[in-house]
Amino acid sequence: MNNKNEWFNNARFGMFIHWGIYSIPAQGEWVRYHNDISIEDYDKYAEQFNPVDFDPAEWADIAWDAGMRYVVFTTKHHDGFCMYDSKHTDFKITNTPYGKDITAELVVAFRAKGLKIGFYHSLVDWRHPHYIPDGEHPDGKNGQTEFLDRDLTIYRDYLYKQVEQLLTDYGKIDLLFFDYTSKYKESSEWQAERLLELIYSLQPEILVNDRLSYDKTPVFYGDYCTPEISLPNQQPVIDGKAVDWETCMTLNNNWGYNATDQAFKDPNTVIRSVIHCASMNGNLLLNVGPDAMGKIPAETVEILAEVGEWFDKYEQTIYNTHATKWTPPVGCYYTAADEKTLYLHLVNPLMGDLILPQLNDKVKRITVLADGSEVTLVTFWGTELLKADELRIRPPKHLSAETIDVLKIELK
Ligand code: GLC
(Lines give C-alpha, C1' and ligand atoms only; values in the text may rest on other atoms or scores of the structure.)
Protein backbone atom coordinates (compact mmCIF):
# COMPACT_ATOMS: atom_id res chain seq x y z
CA MET A 1 0.00 0.00 0.00
CA ASN A 2 1.01 3.45 0.95
CA ASN A 3 4.72 3.80 1.58
CA LYS A 4 4.33 5.42 4.96
CA ASN A 5 2.68 2.15 6.04
CA GLU A 6 5.90 0.25 5.43
CA TRP A 7 7.09 -0.01 9.05
CA PHE A 8 3.61 -1.10 10.09
CA ASN A 9 3.49 -3.86 7.49
CA ASN A 10 6.94 -5.07 8.47
CA ALA A 11 6.31 -5.03 12.22
CA ARG A 12 3.34 -7.44 12.30
CA PHE A 13 3.11 -7.60 16.10
CA GLY A 14 2.34 -4.80 18.55
CA MET A 15 1.43 -4.24 22.18
CA PHE A 16 -1.87 -2.59 23.04
CA ILE A 17 -1.85 -1.13 26.56
CA HIS A 18 -5.14 -0.34 28.27
CA TRP A 19 -4.27 1.51 31.41
CA GLY A 20 -6.10 4.12 33.40
CA ILE A 21 -7.69 4.78 36.79
CA TYR A 22 -10.16 1.96 36.03
CA SER A 23 -7.38 -0.40 37.07
CA ILE A 24 -8.33 0.42 40.69
CA PRO A 25 -11.88 -1.04 40.60
CA ALA A 26 -10.18 -3.74 38.48
CA GLN A 27 -13.22 -4.79 36.43
CA GLY A 28 -12.23 -3.59 33.00
CA GLU A 29 -12.32 -0.14 31.40
CA TRP A 30 -16.12 -0.02 31.04
CA VAL A 31 -16.61 -0.30 34.82
CA ARG A 32 -18.17 3.15 35.19
CA TYR A 33 -20.77 2.25 32.59
CA HIS A 34 -21.54 -1.27 33.78
CA ASN A 35 -21.67 -0.44 37.49
CA ASP A 36 -23.50 2.89 37.12
CA ILE A 37 -20.78 4.77 38.95
CA SER A 38 -21.45 8.51 39.29
CA ILE A 39 -18.86 11.04 38.13
CA GLU A 40 -18.25 12.05 41.76
CA ASP A 41 -17.58 8.48 42.85
CA TYR A 42 -15.43 7.76 39.82
CA ASP A 43 -13.33 10.88 40.46
CA LYS A 44 -12.17 9.25 43.70
CA TYR A 45 -10.07 6.84 41.66
CA ALA A 46 -8.18 9.82 40.24
CA GLU A 47 -7.57 11.03 43.79
CA GLN A 48 -6.11 7.61 44.66
CA PHE A 49 -4.18 6.65 41.53
CA ASN A 50 -0.54 6.13 42.45
CA PRO A 51 1.14 3.34 40.47
CA VAL A 52 4.43 3.40 42.34
CA ASP A 53 5.67 0.21 40.65
CA PHE A 54 5.37 1.64 37.14
CA ASP A 55 8.64 1.11 35.29
CA PRO A 56 8.27 2.07 31.62
CA ALA A 57 11.67 0.64 30.70
CA GLU A 58 10.56 -2.73 32.09
CA TRP A 59 7.38 -2.59 29.99
CA ALA A 60 9.40 -1.72 26.91
CA ASP A 61 11.64 -4.74 27.54
CA ILE A 62 8.63 -7.00 27.96
CA ALA A 63 7.19 -5.80 24.65
CA TRP A 64 10.45 -5.95 22.71
CA ASP A 65 11.46 -9.35 24.08
CA ALA A 66 8.05 -10.76 23.13
CA GLY A 67 8.76 -9.80 19.52
CA MET A 68 6.50 -6.75 19.48
CA ARG A 69 7.71 -3.80 17.45
CA TYR A 70 5.16 -1.09 18.25
CA VAL A 71 2.95 0.00 21.09
CA VAL A 72 -0.48 1.61 21.24
CA PHE A 73 -1.18 3.30 24.56
CA THR A 74 -4.49 4.62 25.92
CA THR A 75 -3.86 8.35 26.31
CA LYS A 76 -7.55 8.76 27.16
CA HIS A 77 -10.24 6.10 27.36
CA HIS A 78 -14.03 6.48 27.32
CA ASP A 79 -13.97 7.56 30.97
CA GLY A 80 -12.33 10.80 29.83
CA PHE A 81 -9.35 10.50 32.16
CA CYS A 82 -6.15 11.71 30.51
CA MET A 83 -3.02 9.64 31.08
CA TYR A 84 -1.02 12.67 29.92
CA ASP A 85 -0.63 16.23 31.09
CA SER A 86 -3.54 17.66 29.14
CA LYS A 87 -3.71 21.45 28.94
CA HIS A 88 -7.44 21.27 28.46
CA THR A 89 -8.82 19.37 31.45
CA ASP A 90 -8.00 18.84 35.12
CA PHE A 91 -9.07 15.22 34.91
CA LYS A 92 -5.56 13.96 34.27
CA ILE A 93 -2.60 12.02 35.54
CA THR A 94 -0.61 15.02 36.76
CA ASN A 95 -3.41 15.76 39.24
CA THR A 96 -3.20 12.35 40.88
CA PRO A 97 -0.88 11.40 43.77
CA TYR A 98 1.40 9.92 41.09
CA GLY A 99 1.78 13.37 39.61
CA LYS A 100 3.95 12.60 36.58
CA ASP A 101 3.04 12.46 32.88
CA ILE A 102 2.84 8.72 32.28
CA THR A 103 2.45 9.11 28.53
CA ALA A 104 5.68 11.10 28.36
CA GLU A 105 7.54 8.51 30.45
CA LEU A 106 6.22 5.69 28.34
CA VAL A 107 7.03 7.36 25.03
CA VAL A 108 10.63 7.98 26.07
CA ALA A 109 11.19 4.39 27.23
CA PHE A 110 9.49 2.69 24.30
CA ARG A 111 11.14 4.90 21.74
CA ALA A 112 14.56 4.26 23.30
CA LYS A 113 13.96 0.54 22.87
CA GLY A 114 13.21 0.99 19.17
CA LEU A 115 9.45 0.51 19.32
CA LYS A 116 7.16 2.66 17.19
CA ILE A 117 4.76 4.80 19.20
CA GLY A 118 0.99 4.73 18.83
CA PHE A 119 -1.62 6.68 20.78
CA TYR A 120 -5.08 5.32 21.42
CA HIS A 121 -7.48 8.20 21.94
CA SER A 122 -11.14 7.79 22.74
CA LEU A 123 -13.62 9.80 20.68
CA VAL A 124 -16.22 8.70 23.18
CA ASP A 125 -16.02 10.78 26.36
CA TRP A 126 -18.18 10.03 29.42
CA ARG A 127 -16.82 12.99 31.36
CA HIS A 128 -16.93 16.02 29.08
CA PRO A 129 -19.95 18.22 29.91
CA HIS A 130 -20.80 18.71 26.22
CA TYR A 131 -20.43 15.14 25.00
CA ILE A 132 -23.98 14.04 24.34
CA PRO A 133 -24.82 10.84 26.22
CA ASP A 134 -26.16 8.00 24.12
CA GLY A 135 -26.82 4.30 24.60
CA GLU A 136 -23.12 3.67 25.12
CA HIS A 137 -22.71 6.32 27.82
CA PRO A 138 -23.31 5.72 31.56
CA ASP A 139 -25.72 8.67 31.70
CA GLY A 140 -27.52 7.80 28.48
CA LYS A 141 -27.85 4.06 28.59
CA ASN A 142 -31.30 4.09 30.15
CA GLY A 143 -32.66 6.44 27.50
CA GLN A 144 -32.37 9.67 29.53
CA THR A 145 -33.05 12.66 27.32
CA GLU A 146 -32.38 15.72 29.51
CA PHE A 147 -29.24 16.78 27.64
CA LEU A 148 -30.63 19.59 25.49
CA ASP A 149 -28.17 22.11 26.93
CA ARG A 150 -25.23 20.18 25.54
CA ASP A 151 -23.40 21.21 22.40
CA LEU A 152 -21.26 18.53 20.77
CA THR A 153 -19.35 21.13 18.76
CA ILE A 154 -17.81 22.31 22.04
CA TYR A 155 -16.70 18.75 22.74
CA ARG A 156 -15.36 18.56 19.20
CA ASP A 157 -13.20 21.62 19.75
CA TYR A 158 -11.89 19.99 22.93
CA LEU A 159 -11.13 16.78 21.02
CA TYR A 160 -9.20 18.72 18.38
CA LYS A 161 -7.18 20.56 21.02
CA GLN A 162 -6.38 17.31 22.79
CA VAL A 163 -5.26 15.68 19.56
CA GLU A 164 -3.23 18.75 18.67
CA GLN A 165 -1.39 18.62 21.99
CA LEU A 166 -0.74 14.89 21.75
CA LEU A 167 0.75 15.35 18.30
CA THR A 168 2.82 18.37 19.31
CA ASP A 169 4.28 17.68 22.75
CA TYR A 170 5.53 14.10 22.44
CA GLY A 171 7.78 14.08 19.39
CA LYS A 172 7.17 11.82 16.41
CA ILE A 173 4.03 9.77 16.87
CA ASP A 174 3.74 6.88 14.46
CA LEU A 175 0.13 5.92 14.82
CA LEU A 176 -3.19 7.19 16.13
CA PHE A 177 -5.92 4.76 17.16
CA PHE A 178 -9.27 6.51 17.53
CA ASP A 179 -12.08 4.72 19.32
CA TYR A 180 -14.89 4.91 18.08
CA THR A 181 -17.69 6.06 15.81
CA SER A 182 -20.93 4.15 16.28
CA LYS A 183 -24.56 4.03 15.26
CA TYR A 184 -24.99 6.86 17.78
CA LYS A 185 -22.27 9.15 16.50
CA GLU A 186 -21.48 9.65 12.84
CA SER A 187 -18.14 10.55 11.23
CA SER A 188 -19.68 13.93 10.47
CA GLU A 189 -19.89 14.70 14.21
CA TRP A 190 -16.11 14.70 14.37
CA GLN A 191 -15.80 16.40 10.97
CA ALA A 192 -13.43 13.60 10.14
CA GLU A 193 -11.88 15.24 7.06
CA ARG A 194 -11.01 18.38 8.99
CA LEU A 195 -9.62 16.39 11.91
CA LEU A 196 -7.47 14.31 9.58
CA GLU A 197 -6.21 17.46 7.92
CA LEU A 198 -5.08 18.76 11.30
CA ILE A 199 -3.45 15.43 12.16
CA TYR A 200 -1.52 15.08 8.91
CA SER A 201 -0.42 18.72 9.04
CA LEU A 202 1.15 18.06 12.44
CA GLN A 203 2.52 14.59 11.73
CA PRO A 204 2.61 13.90 7.99
CA GLU A 205 3.88 10.34 8.38
CA ILE A 206 1.39 9.21 11.01
CA LEU A 207 -0.98 6.30 10.42
CA VAL A 208 -4.57 6.80 11.53
CA ASN A 209 -6.91 3.88 12.10
CA ASP A 210 -10.35 3.52 10.56
CA ARG A 211 -12.58 4.33 13.51
CA LEU A 212 -13.45 7.82 12.41
CA SER A 213 -15.70 5.87 10.05
CA TYR A 214 -18.67 3.78 11.07
CA ASP A 215 -19.31 0.62 9.05
CA LYS A 216 -17.07 2.17 6.38
CA THR A 217 -19.96 4.26 5.04
CA PRO A 218 -20.16 6.59 3.36
CA VAL A 219 -16.36 6.82 3.29
CA PHE A 220 -13.43 4.92 4.70
CA TYR A 221 -11.25 7.28 6.70
CA GLY A 222 -7.72 6.44 7.71
CA ASP A 223 -4.71 4.37 6.75
CA TYR A 224 -5.55 0.90 7.99
CA CYS A 225 -8.50 -0.99 9.35
CA THR A 226 -9.02 -2.58 12.71
CA PRO A 227 -11.05 -5.74 13.08
CA GLU A 228 -11.44 -6.51 16.77
CA ILE A 229 -11.15 -9.77 18.75
CA SER A 230 -11.42 -11.87 15.61
CA LEU A 231 -9.15 -13.23 12.91
CA PRO A 232 -10.47 -12.53 9.42
CA ASN A 233 -10.53 -15.23 6.72
CA GLN A 234 -8.81 -12.97 4.23
CA GLN A 235 -7.21 -9.56 3.96
CA PRO A 236 -10.02 -6.98 4.24
CA VAL A 237 -11.09 -5.32 1.00
CA ILE A 238 -12.67 -1.87 0.90
CA ASP A 239 -13.96 -0.33 -2.31
CA GLY A 240 -12.37 -3.17 -4.24
CA LYS A 241 -8.93 -2.55 -2.72
CA ALA A 242 -7.10 -4.79 -0.26
CA VAL A 243 -6.29 -2.60 2.75
CA ASP A 244 -3.64 -2.73 5.45
CA TRP A 245 -5.00 -4.05 8.69
CA GLU A 246 -4.41 -5.01 12.27
CA THR A 247 -6.65 -7.02 14.52
CA CYS A 248 -6.69 -6.00 18.16
CA MET A 249 -7.03 -8.82 20.64
CA THR A 250 -7.32 -9.28 24.39
CA LEU A 251 -4.97 -11.73 26.08
CA ASN A 252 -7.72 -12.75 28.53
CA ASN A 253 -11.27 -11.45 28.11
CA ASN A 254 -10.69 -7.84 29.16
CA TRP A 255 -8.82 -4.82 27.86
CA GLY A 256 -8.47 -2.91 31.13
CA TYR A 257 -7.17 -4.78 34.18
CA ASN A 258 -9.68 -7.24 35.60
CA ALA A 259 -8.49 -8.92 38.77
CA THR A 260 -10.72 -11.99 38.39
CA ASP A 261 -10.22 -12.72 34.71
CA GLN A 262 -7.78 -15.61 34.49
CA ALA A 263 -8.86 -16.80 31.05
CA PHE A 264 -5.49 -16.17 29.42
CA LYS A 265 -4.69 -17.48 25.97
CA ASP A 266 -1.68 -19.77 25.87
CA PRO A 267 1.52 -18.77 24.08
CA ASN A 268 0.93 -21.01 21.07
CA THR A 269 -2.50 -19.47 20.52
CA VAL A 270 -0.85 -16.06 20.45
CA ILE A 271 1.89 -17.22 18.08
CA ARG A 272 -0.67 -18.92 15.83
CA SER A 273 -2.64 -15.66 15.70
CA VAL A 274 0.39 -13.59 14.70
CA ILE A 275 1.13 -16.13 11.96
CA HIS A 276 -2.50 -16.06 10.81
CA CYS A 277 -2.40 -12.27 10.51
CA ALA A 278 1.01 -12.17 8.82
CA SER A 279 -0.13 -14.77 6.28
CA MET A 280 -2.83 -12.29 5.22
CA ASN A 281 -0.68 -9.14 5.26
CA GLY A 282 -1.99 -8.12 8.68
CA ASN A 283 -0.84 -7.37 12.20
CA LEU A 284 -1.79 -8.57 15.65
CA LEU A 285 -2.13 -5.86 18.30
CA LEU A 286 -2.14 -7.86 21.52
CA ASN A 287 -3.43 -6.21 24.66
CA VAL A 288 -2.00 -6.04 28.15
CA GLY A 289 -3.91 -4.55 31.09
CA PRO A 290 -1.53 -3.30 33.80
CA ASP A 291 -2.79 -3.11 37.38
CA ALA A 292 -3.20 -0.13 39.70
CA MET A 293 0.35 -0.42 40.99
CA GLY A 294 1.73 -0.21 37.47
CA LYS A 295 2.61 -3.88 36.97
CA ILE A 296 1.81 -5.92 33.89
CA PRO A 297 0.18 -9.03 35.40
CA ALA A 298 2.60 -11.91 36.03
CA GLU A 299 0.61 -14.34 33.84
CA THR A 300 0.84 -11.90 30.96
CA VAL A 301 4.58 -11.48 31.42
CA GLU A 302 5.08 -15.27 31.40
CA ILE A 303 3.03 -15.78 28.26
CA LEU A 304 4.81 -12.97 26.43
CA ALA A 305 8.21 -14.36 27.43
CA GLU A 306 7.31 -17.70 25.83
CA VAL A 307 6.06 -15.98 22.71
CA GLY A 308 9.40 -14.16 22.64
CA GLU A 309 11.33 -17.44 22.72
CA TRP A 310 9.53 -18.48 19.57
CA PHE A 311 10.24 -15.11 17.94
CA ASP A 312 13.94 -15.46 18.78
CA LYS A 313 14.09 -18.50 16.52
CA TYR A 314 11.57 -17.59 13.87
CA GLU A 315 11.34 -13.82 13.57
CA GLN A 316 12.39 -13.82 9.93
CA THR A 317 9.22 -15.79 9.12
CA ILE A 318 7.08 -12.88 10.42
CA TYR A 319 8.84 -9.51 10.08
CA ASN A 320 9.13 -8.17 6.55
CA THR A 321 7.03 -11.00 5.16
CA HIS A 322 3.86 -10.91 3.14
CA ALA A 323 1.04 -13.08 1.87
CA THR A 324 1.66 -15.44 -1.01
CA LYS A 325 -0.54 -16.65 -3.87
CA TRP A 326 0.18 -20.28 -2.99
CA THR A 327 -2.37 -22.28 -1.01
CA PRO A 328 -0.96 -23.98 2.10
CA PRO A 329 -1.91 -27.49 3.21
CA VAL A 330 -5.12 -27.46 5.27
CA GLY A 331 -4.40 -26.25 8.81
CA CYS A 332 -1.04 -24.63 7.93
CA TYR A 333 -0.01 -21.10 7.00
CA TYR A 334 2.44 -19.57 4.58
CA THR A 335 4.29 -16.32 4.81
CA ALA A 336 6.65 -15.26 2.04
CA ALA A 337 9.98 -13.46 2.38
CA ASP A 338 10.18 -13.03 -1.39
CA GLU A 339 8.97 -14.67 -4.61
CA LYS A 340 11.16 -17.71 -4.09
CA THR A 341 11.11 -18.20 -0.31
CA LEU A 342 8.09 -19.49 1.57
CA TYR A 343 7.78 -20.29 5.23
CA LEU A 344 5.37 -23.07 6.05
CA HIS A 345 4.12 -22.74 9.64
CA LEU A 346 3.13 -26.05 11.19
CA VAL A 347 0.68 -24.68 13.74
CA ASN A 348 -0.82 -28.11 14.43
CA PRO A 349 1.04 -31.28 15.42
CA LEU A 350 1.79 -33.33 12.33
CA MET A 351 -0.03 -36.50 11.39
CA GLY A 352 2.37 -38.05 8.93
CA ASP A 353 3.33 -36.60 5.58
CA LEU A 354 2.16 -33.24 4.32
CA ILE A 355 0.70 -32.54 0.91
CA LEU A 356 1.50 -29.17 -0.60
CA PRO A 357 -1.02 -27.96 -3.18
CA GLN A 358 0.24 -26.41 -6.43
CA LEU A 359 3.95 -26.88 -5.75
CA ASN A 360 4.80 -30.10 -7.60
CA ASP A 361 7.85 -29.49 -9.82
CA LYS A 362 8.26 -26.03 -8.34
CA VAL A 363 10.36 -26.83 -5.29
CA LYS A 364 14.12 -26.61 -5.17
CA ARG A 365 14.63 -27.54 -1.52
CA ILE A 366 12.76 -27.77 1.76
CA THR A 367 14.44 -27.62 5.16
CA VAL A 368 13.45 -27.44 8.81
CA LEU A 369 14.18 -23.82 9.63
CA ALA A 370 15.37 -24.43 13.19
CA ASP A 371 18.21 -26.86 12.37
CA GLY A 372 18.55 -26.86 8.60
CA SER A 373 17.71 -30.54 8.32
CA GLU A 374 16.38 -31.72 5.00
CA VAL A 375 12.76 -32.52 4.32
CA THR A 376 12.27 -35.44 1.95
CA LEU A 377 10.14 -34.99 -1.15
CA VAL A 378 8.12 -38.19 -1.42
CA THR A 379 8.15 -38.85 -5.13
CA PHE A 380 8.75 -42.58 -5.13
CA TRP A 381 5.35 -43.84 -3.92
CA GLY A 382 1.96 -42.74 -2.61
CA THR A 383 1.52 -40.23 -5.37
CA GLU A 384 -1.26 -41.99 -7.25
CA LEU A 385 -4.00 -40.25 -5.22
CA LEU A 386 -2.45 -36.80 -5.49
CA LYS A 387 -3.58 -34.16 -7.89
CA ALA A 388 -1.04 -33.54 -10.60
CA ASP A 389 0.16 -30.29 -9.07
CA GLU A 390 0.40 -31.62 -5.50
CA LEU A 391 3.66 -32.46 -3.79
CA ARG A 392 3.98 -34.88 -0.89
CA ILE A 393 6.71 -34.19 1.67
CA ARG A 394 7.95 -35.97 4.77
CA PRO A 395 9.00 -33.67 7.60
CA PRO A 396 11.55 -35.35 9.88
CA LYS A 397 10.29 -37.12 12.97
CA HIS A 398 12.10 -34.91 15.46
CA LEU A 399 9.63 -32.04 15.12
CA SER A 400 7.88 -31.48 18.40
CA ALA A 401 4.14 -31.45 18.96
CA GLU A 402 4.53 -28.63 21.50
CA THR A 403 6.26 -26.01 19.43
CA ILE A 404 5.19 -24.39 16.20
CA ASP A 405 7.88 -25.47 13.74
CA VAL A 406 8.55 -23.80 10.44
CA LEU A 407 9.70 -25.32 7.16
CA LYS A 408 11.57 -23.18 4.69
CA ILE A 409 10.56 -23.83 1.10
CA GLU A 410 12.87 -22.60 -1.63
CA LEU A 411 11.19 -22.46 -4.99
CA LYS A 412 12.90 -22.94 -8.34
C1 GLC B 1 -13.93 -1.33 22.07
C2 GLC B 1 -14.17 -1.03 23.53
C3 GLC B 1 -13.00 -0.37 24.17
C4 GLC B 1 -11.67 -0.93 23.76
C5 GLC B 1 -11.59 -1.11 22.28
C6 GLC B 1 -10.32 -1.73 21.79
O7 GLC B 1 -14.11 -0.19 21.30
O8 GLC B 1 -15.27 -0.17 23.72
O9 GLC B 1 -13.16 -0.40 25.54
O10 GLC B 1 -10.72 -0.01 24.16
O11 GLC B 1 -12.65 -1.86 21.83
O12 GLC B 1 -10.30 -1.76 20.40
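In this text, all values refer to a predicted model and were calculated from it rather than measured experimentally.

### Quick look at the overall build of the protein chain
Of the regular secondary structure elements, the protein chain holds 10 helices and 16 strands. Whereas a compact globule of 412 residues would reach a radius of gyration of roughly 22 Å, the protein chain reaches 23 Å, a difference of no more than 12%. Going through the 412 residues of the protein chain one by one, you find that 58% of them count as buried. Within the protein chain, contacts between residues separated by at least 24 positions form 70% of all contacts whose residues are at least 6 apart in sequence. In the protein chain, 39 positive and 62 negative side-chain charges are present, and the distance between their average locations comes to 6 Å.

### Overview of the site of the ligand
With respect to spatial proximity, 14 residues lie near the ligand, and among them His 18, Glu 29, Trp 30, His 77 and Glu 228 are the closest. One nitrogen or oxygen atom from the side chain of His 18 is found 2.5 Å from an oxygen atom belonging to the ligand. Asp 179 is positioned with one of its side-chain polar atoms (N or O) 3.0 Å from an oxygen atom of the ligand. Protein contacts shield 92% of the accessible area of the ligand, which totals 310 Å² for the unbound molecule. Grouping the constituent residues of the shell around the ligand by class yields 7 nonpolar, 3 polar and 4 charged.

### Details of the domain arrangement of the protein chain
One can read the domain layout of the protein chain as domain 1 (3-317) and domain 2 (333-411). On a C-alpha basis, the centres of domain 1 and domain 2 stand 39 Å from each other. Tallying the contact residues gives 11 residues for domain 1 and 12 residues for domain 2. Contact between domain 1 and domain 2 buries roughly 1,200 Å² in total, counting both sides, with carbon and sulfur atoms accounting for 63%. At the junction of domain 1 with domain 2, the criterion picks out 0 salt bridges. On the surface where domain 1 and domain 2 come into contact, there are 5 residue pairs in polar contact (both at pLDDT 80 or more). It is helix H9 (residues 267-279) that contributes the most residues to the side of domain 1 that touches domain 2, 7 residues altogether. When its residues are assigned to classes, the side of domain 1 that touches domain 2 shows 5 nonpolar, 5 polar and 1 charged.

### Re the environment of Leu 175
For Leu 175, the location among the structural elements is in strand S4 (residues 175-179). Overall, the relative accessible area of 0% leaves Leu 175 in the buried class. Each residue touching Leu 175, except ones within four places of it in the same chain, is listed here: Trp 7, Phe 8, Tyr 70, Val 72, Ile 117, Gly 118, Phe 119, Ile 206, Leu 207 and Tyr 224.

### Some details on the pairing of strand S1 (residues 13-17)
Burial runs high along S1: 5 of the 5 residues are buried. Residues Phe 13, Met 15 and Ile 17 point to one face of S1 and Gly 14 and Phe 16 to the other, with burial holding for every one of them. The sheet contact formed by S1 and strand S9 (residues 282-288) spans 5 bridges and is parallel. In the strand pairing of S9, Ile 17 is matched with Val 288. In terms of strand pairing, S1 meets strand S2 (residues 70-76) through 4 bridges, oriented parallel. Within the sheet, the bridge partner assigned to Ile 17 lies in S2 and is Phe 73.

### Some points on the state of the cysteines
The full count for this structure, using the stated rule, is 0 disulfides. Of the cysteine sulfurs around Cys 277, a residue in no disulfide, the closest is that of Cys 248, at 10 Å. Cysteine Cys 332 is unpaired, with the sulfur of Cys 277 as its nearest cysteine sulfur at 17 Å. Of the residues examined, Cys 332 reaches a relative accessible area of 10% and is grouped as buried.

### Brief notes about the side chain of Ser 86
Along the chain, the position of Ser 86 falls in the loop between S2 and helix H5 (102-113). One polar contact links the side chain of Ser 86 to the main-chain amide nitrogen of Thr 89, over a distance of 3.5 Å. Side chain to side chain, Ser 86 and Gln 162 meet in a polar contact 2.6 Å long. Apart from the residues lying within four places of it in its own chain, the contact partners of Ser 86 are Lys 92, Gln 162 and Gln 165.

### Details of unusual backbone geometry
Omega for the peptide link from Asp 179 to Tyr 180 comes to -10 degrees, which places this bond in the cis form. Residue placement: Tyr 180 occurs in the loop between S4 and helix H7 (187-190). With phi around 60 degrees, Ala 26 is a residue other than glycine that occupies positive phi space. Inspection of the secondary structure puts Ala 26 in the loop between S1 and helix H2 (31-34). Judged by relative accessible area, Ala 26 falls into the buried class, the value being 11%.

### Focus: H9
Its 13 residues give H9 an end-to-end C-alpha distance of 18 Å, which sits within 8% of 18 Å, the value for a rise of 1.5 Å per residue. Within H9, 10 of the 13 residues are buried, which leaves it mostly tucked inside the rest of the structure. Within H9, the full set of buried residues consists of Pro 267, Val 270, Ile 271, Ser 273, Val 274, Ile 275, His 276, Cys 277, Ala 278 and Ser 279. Those residues of H9 hidden inside the fold are in contact with S1, strand S8 (245-249), S9, helix H10 (298-314), strand S10 (333-338) and strand S11 (341-346). Among the residues trailing H9, Asn 281 stands out with phi positive, at a value near 65 degrees.

Parameters at a glance
- Residues numbered from 1 in each chain as written.
- Predicted model: local features only at pLDDT ≥ 70, side-chain atom pairs only at ≥ 80, totals over all residues.
- Heavy atoms only, no water.
- Helix = DSSP H or I, 4+ residues; strand = E, 2+ residues; numbered from the N terminus.
- Rg over C-alpha atoms; globule rule 2.2 N^0.38 Å.
- Buried < 20%, exposed > 50% of the residue type's maximum accessible area, 1.4 Å probe, protein only.
- Contact = heavy atoms within 4.5 Å.
- Lys, Arg positive; Asp, Glu negative; His and termini not counted.
- Charge placed at Lys NZ, Arg CZ, Asp CG, Glu CD.
- Near = heavy atom within 4 Å.
- Polar contact = N/O pair within 3.5 Å; in protein donor to acceptor, adjacent residues only side chain to side chain.
- Areas by Shrake-Rupley, 256 points an atom, 1.4 Å probe, with all protein chains shown as cover.
- Nonpolar A, V, L, I, M, F, W, Y, C, P; charged D, E, K, R; others polar.
- Domains from an automatic or database assignment.
- Buried area = accessible area lost by both parts, 1.4 Å probe.
- Salt bridge = Lys/Arg side-chain N within 4 Å of Asp/Glu carboxyl O.
- Pairing = 2+ DSSP bridges.
- Disulfide = S-S within 2.5 Å.
- Expected span 1.5 Å × (residues − 1).

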